Amino acid sequence: MTDFPYSRGRRLRRSHNLREMAAENRVNVKDLIAPLFVTEGSGLKEEIPSMPGIFRYSEDLLLREAEEISKLNIPSVLLFAKVPDSKKDNAGTEALNPDGLMQRSVRLIKENFPELVIMTDVALDPYSSYGHDGIVRNGEIINDESAELLAKMAVSHAEAGADMVAPSDMMDGRIAIIREVLEEEGFYETGIMAYSAKYASCFYGPFRDALDSAPGFGDKKTYQMNPANGSEAVREALMDEKEGADILMVKPGLPYLDVVRAVKDAVNVPVAAYHVSGEYAMIMAAAEKGWIDESDAMMEVLLSFKRAGADLIATYFAKKAAQLL
Ligand code: PBG
């Protein structure tokens, strides 16, 4: 290594093209996963108040949105269903309904846009009268029974045509159980994107507004991870990789870039980061006040995920980013 003045960092920053040539990381539209909210009914495109620019779509309008996403060359969508209170219970009944909103939405998108990779959220909270990700008994979230139920839910999504299921629940051992049941049922090509390191985070607030899925009692700290922990995330990721997960996810994103890097360095499958609802809301709120530039903030954050080692990024900015890229 040479010293100043022979070595000058600014030489490679002189012009746009030089900076591009020296860029170590880039965001590609193919890195993006677009979350998509569906709701019962027709003619509905409901904006989520805490997520300006993000909507819940009824099935009839879902297709137009899927078309836009696919025209922008975004390779995949991550589907979340909003379930009316009348269909919620403590047994995930509606989650297994072969003709439920999620299953219908998957079929509809698959029929019309077969090339779009469909990932589905697998967790009980939108279907749970308690707003928890698993079955509740005596105030506790029952692990193994919940994992069995989630495996049935995964099969139901696979039957509908999902390319990948995305368990976001953090029950122990659920990747192994889901994989095993998918294999038994012949869905050996259906992938699993595991939320491996999902933290008990305050940044999910706007998402819970979107799905009306806030926990009815307590919090999710007995299953989601403690934000204080980093090594534990690597342990969780290694277990999920061994249990058969095809993609591992870290969530939230920006406050956990160190975790993205640690997981990326430890595993040999693609790693995704989830730029979650509260992170989106923060940028939108500051931009609305004129305190930061929305596009610049968006691109800087997305780039930071790549630098941290993320191969894929689930983000509510997917469409806006794709338009700029
Ligand atoms: C629930 C789930 C959550 C998110 C994705 N799946 C919220 C939670 O765990 O309470 C959050 C996504 C976001 O905030 O954008 N299984």
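These remarks concern the structure in this document.

Conventions used here
Residues numbered from 1 in each chain as written. Predicted model: local features only at pLDDT ≥ 70, side-chain atom pairs only at ≥ 80, totals over all residues. Heavy atoms only, no water. Helix = DSSP H or I, 4+ residues; strand = E, 2+ residues; numbered from the N terminus. Buried < 20%, exposed > 50% of the residue type's maximum accessible area, 1.4 Å probe, protein only. Contact = heavy atoms within 4.5 Å. Areas by Shrake-Rupley, 256 points an atom, 1.4 Å probe, with all protein chains shown as cover. Lys, Arg positive; Asp, Glu negative; His and termini not counted. Charge placed at Lys NZ, Arg CZ, Asp CG, Glu CD. Patch = residues over 30% accessible without salt bridge, like charges linked within 9 Å, V, L, I, M, F, W, Y side chains within 5 Å. Salt bridge = Lys/Arg side-chain N within 4 Å of Asp/Glu carboxyl O. Polar contact = N/O pair within 3.5 Å; in protein donor to acceptor, adjacent residues only side chain to side chain. Near = heavy atom within 4 Å. Nonpolar A, V, L, I, M, F, W, Y, C, P; charged D, E, K, R; others polar. Pairing = 2+ DSSP bridges. Right-handed = clockwise from strand over helix to strand, strands pointing away. Expected span 1.5 Å × (residues − 1). Phe/Tyr/Trp six-rings, centres within 6.5 Å; stacked < 30°, edge-to-face > 60°. Lys NZ or Arg CZ within 6 Å of the ring centre and 35° of its normal.

1. A short note on the overall build of the chain
Helices and strands together make up the secondary structure of the chain, namely 11 helices and 12 strands. C-alpha atoms of the chain, sized along the principal axes, occupy 70 × 45 × 40 Å. Taken over 325 residues, the chain has a buried fraction of 54%. When contacts within the chain are restricted to residue pairs at least 6 apart in sequence, long-range pairs at least 24 apart make up 74% of them. Surface accessibility of the chain: about 14800 Å² in total, with carbon and sulfur atoms responsible for 50%. The averaged location of the 52 negative side-chain charges in the chain is 8 Å from the averaged location of its 36 positive side-chain charges.

2. Things to note about a negative patch on the surface
Residues Asp144, Glu148, Glu159, Asp172, Glu180, Glu184 and Glu185 make up a contiguous surface patch of negative charge. At the level of secondary structure, the elements contributing two or more residues to the negative patch comprise helix H4 (143-160) and helix H5 (174-184). As for its position among the elements, Glu185 is in the loop between H5 and strand S9 (191-198).

3. A few points about the side chain of Lys110
When you line up the elements, Lys110 lands in helix H3 (residues 101-112). At 3.0 Å, the side chain of Lys110 forms a polar contact with the backbone oxygen of Pro114. A polar side-chain atom of Lys110 sits 3.1 Å from the main-chain carbonyl oxygen of Leu116. When near neighbours in sequence (up to four residues on either side) are disregarded, Lys110 contacts Leu116, Ile118, Gly161 and Asp163.

4. What to know about the site of the ligand
As a structural note, the neighbourhood of the ligand is formed by 18 residues, with Arg208, Lys220, Lys251, Ser277 and Tyr316 the closest of them. Asp125 is positioned such that a nitrogen or oxygen atom in its side chain is 3.1 Å from a nitrogen atom of the ligand. The separation between an oxygen atom of the ligand and a polar side-chain atom of Lys198 is 2.7 Å. In the complex, 100% of the free accessible area of the ligand, which totals 400 Å², lies under the protein chains. Within the shell around the ligand, the residues separate by chemical class into eight nonpolar, three polar and seven charged.

5. Quick look at the pattern of salt bridges
Counting across every chain of the model gives 22 salt bridges. Taking the shortest distance from any N to any O, the salt bridge between Glu68 and Lys319 comes out at 2.9 Å. One end of the pair, Glu68, is in helix H2 (residues 59-71); the other, Lys319, is in helix H11 (residues 318-324), and 251 residues separate them in sequence. The exposure class of Glu68 is partly exposed, given its relative accessible area of 39%. Three or more residues are tied together by salt bridges with common partners; here these are Glu40, Glu59, Lys87 and Arg104.

6. Regarding the pairing of S9
Across a regular strand the side chains alternate sides, sitting on one face of the sheet and then on the other. Within S9, eight of the eight residues are buried, which leaves the element mostly enclosed by the surrounding structure. The pairing of strand S8 (residues 164-167) with S9 spans two bridges and is parallel. Among the inter-strand pairings, Met164 is bridged to a residue of S9, identified as Gly191. Crossover connection from S8 via H5 to parallel S9: handedness right-handed. Summarising the sheet, S9 and strand S10 (residues 247-251) pair through five bridges and their orientation is parallel. Residue pairing for S10: Met193 is matched across the bridge by Ile247.

7. A few points about helix H7 (residues 231-243)
The end-to-end C-alpha distance of H7, which contains 13 residues, comes to 19 Å, matching closely the 18 Å that a straight helix rising 1.5 Å per residue would cover. The complete set of buried residues in H7 reads Ala233, Val234, Glu236, Ala237, Asp240 and Glu243. On its buried face, H7 sits against H5, S9, S10 and helix H8 (257-266). Looking at the residues trailing H7, positive phi occurs at Gly244, about 115°.

8. Notes on the packing of aromatic side chains
Overall, the coordinates contain 11 aromatic pairs when judged by the stated rule. Taking 6.1 Å as the distance between ring centres and 50° as the angle between the ring planes, the aromatic pair formed by Phe55 and Tyr57 counts as tilted. Ring centres of Tyr280 and Phe317 lie 4.6 Å apart, and the angle between their planes is 55°; this geometry places the pair in the tilted category. With Tyr280 in helix H9 (residues 277-288) and Phe317 in the loop between strand S12 (312-315) and H11, the pair connects residues that are 37 residues apart, well separated along the chain. You'll find Tyr280 and Phe317 in the same group, each marked buried. Aromatic rings pair up to connect Phe37, Phe80, Tyr195, Phe207, Tyr274, Tyr280, Tyr316 and Phe317 into one cluster. Over the ring of Phe207 we find Lys251, and its NZ or CZ is 5.9 Å from the ring centre. The positively charged end of Lys251 is found above the aromatic ring belonging to Tyr274, 4.8 Å away from the centroid.

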